[in-house]
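Chains, contacts and geometry: an overview
The residues making up each chain are set out below.
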Amino acid sequence: MILLDGKRTSEAIQQEIAAEVADIRVHGGKVPHLAAILVGNDGGSVTYVTNKVLACEKVGFGSTLIRYEDDVTEEELLDKIQELNNSDEIDGFIVQLPLPRHINSQKVLEAVDPRKDVDGFHPVNVGRMVAGLTSFLPATPYGILQLLERYNIETSGKHCVVIGRSNIVGSPMSILMAKAAYPGNSTVTLCHRNTVDLAYHTRQADIIISAVGIPGLLTADMVKEGAVVIDVGTTRVPDDSRKSGYRLRGDVDFENVAPKCSYITPVPGGVGPLTIAMLLKNTLRAAKREIYA
Ligand code: NAD
């Protein structure tokens, strides 16, 4: 069994990005600049956004954090988005989700210029991805592709079972794994909460990618010998022995599933760390005009 080390892979990707930024700087080019809009004070969101901004600094990007209170109006947000869309300095930006209920999140996401949509959530980017055109890929599926590629995992002709159909992980993952590309060329089954007999599907899988959020959902009897298991799930479970009072658990019963696997991601330290690295990669690609020439 080989542990897929997301932390190490993420650091390698960030070093590659930092080297490119240093090169851009030396040649007098435009240093990539990411902006993040954060609404409210939700602990999780504040941590995620802070980590994104810190990661920008680490690789030499410019970064701007724009904060609003919970009572910001939709109009104010849309005005700011227009300003960022028109800014020559900002190459890419993100709006941290979730937004307060009085704001129409879809309207906000659709206001982002697809050329600056480094989260890859705009329908234009989703559509381009489905159509096989260059696009910003959502960071988590993009990170999983990187893990598969950097560990040289064979995906062609394999049966890949994706569990979970969210717009940010499961659905794009299923599309990317079926593409005529590497990683890809898999036969894909997409399972979700209405799937009857999940185990029937997972037992046939060469590759399982689980993005559900139910700790321990995938048990050893659901996994065939030699499978590759990618665990996207990150659920906070109470843990009095930790200072924070919680620890992160994945969808996979790691202890019992890992011995059966050829490759498996740990939680934490698997898919999680790659998400920020791929957001940076998308910002670099935006600055280099790689997606929309
Ligand atoms: P979500 O929370 O929006 O939806 C969960 C999905 O699981 C749904 O599509 C649902 O149909 C499916 N589901 C629910 N119960 C099921 C069951 N019993 N059997 C099969 N499928 C079932 O999905 P999300 O936003 O992709 O998040 C999923 C998990 O991944 C969460 O734990 C989240 O925290 C984590 N996540 C981690 C990262 C990261 O590490 N970078 C990024 C995004 C999400």
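In this report, we go over the structure that sits alongside the text.

Here is what the cut-offs are and how they apply
Residues numbered from 1 in each chain as written. Predicted model: local features only at pLDDT ≥ 70, side-chain atom pairs only at ≥ 80, totals over all residues. Heavy atoms only, no water. Axes fitted to C-alpha atoms, helices over the stretch in contact; angles between N-to-C directions. Helix = DSSP H or I, 4+ residues; strand = E, 2+ residues; numbered from the N terminus. Parallel < 35°, antiparallel > 145°, perpendicular 65-115°, else oblique. Left-handed = near helix turned anticlockwise from the far one by under 90°. Contact = heavy atoms within 4.5 Å. Buried < 20%, exposed > 50% of the residue type's maximum accessible area, 1.4 Å probe, protein only. Pairing = 2+ DSSP bridges. Phe/Tyr/Trp six-rings, centres within 6.5 Å; stacked < 30°, edge-to-face > 60°.

Let's talk about the packing of helix α6 (residues 139-150) against helix α7 (residues 170-178)
- At a closest axis distance of 9 Å, the pairing of α6 and α7 adopts a crossing angle of 40°. Taken together, α6 and α7 sit at an angle that is classed as oblique. Considering only the axes of α6 and α7, their crossing is right-handed. Side by side, α6 and α7 meet where P141, I144, L145 and L148 of the first sit next to P172, M173, L176 and M177 of the second.

Comments concerning the side chain of T140
- Note that T140 resides in helix α6.
- Taking the relative accessible area as the measure of exposure, T140 reaches 14% and is therefore buried.
- The contacts of T140, once residues within four sequence positions are left out, are V169, V232, V271 and T275.

Points about the pairing of strand β8 (residues 228-231)
- Residue alternation in β8 divides its side chains into two sets, V228 and I230 and V229 and D231, and both sets are buried.
- The pairing of strand β7 (residues 207-210) with β8 spans four bridges and is classified as parallel. Paired with I208 across the strands is V229, a residue of β8.
- In terms of strand pairing, β8 meets strand β11 (residues 263-264) through two bridges, oriented parallel. Within the sheet, the bridge partner assigned to V229 lies in β11 and is I264.

Points about the packing of aromatic side chains
- Enumeration according to the criterion identifies one aromatic pair in this entry.
- With a centroid separation of 6.3 Å and 40° between ring planes, the pair formed by F136 and Y292 is classed as tilted. Separated by 156 residues along the polypeptide, F136 in the loop between α5 (123-131) and α6 and Y292 in the segment after α10 (272-287) bring together distant segments of the chain.
- Take Y292: its relative accessible area is 18%, and that puts it in the buried class.

Just distances and angles here, no functional claims.
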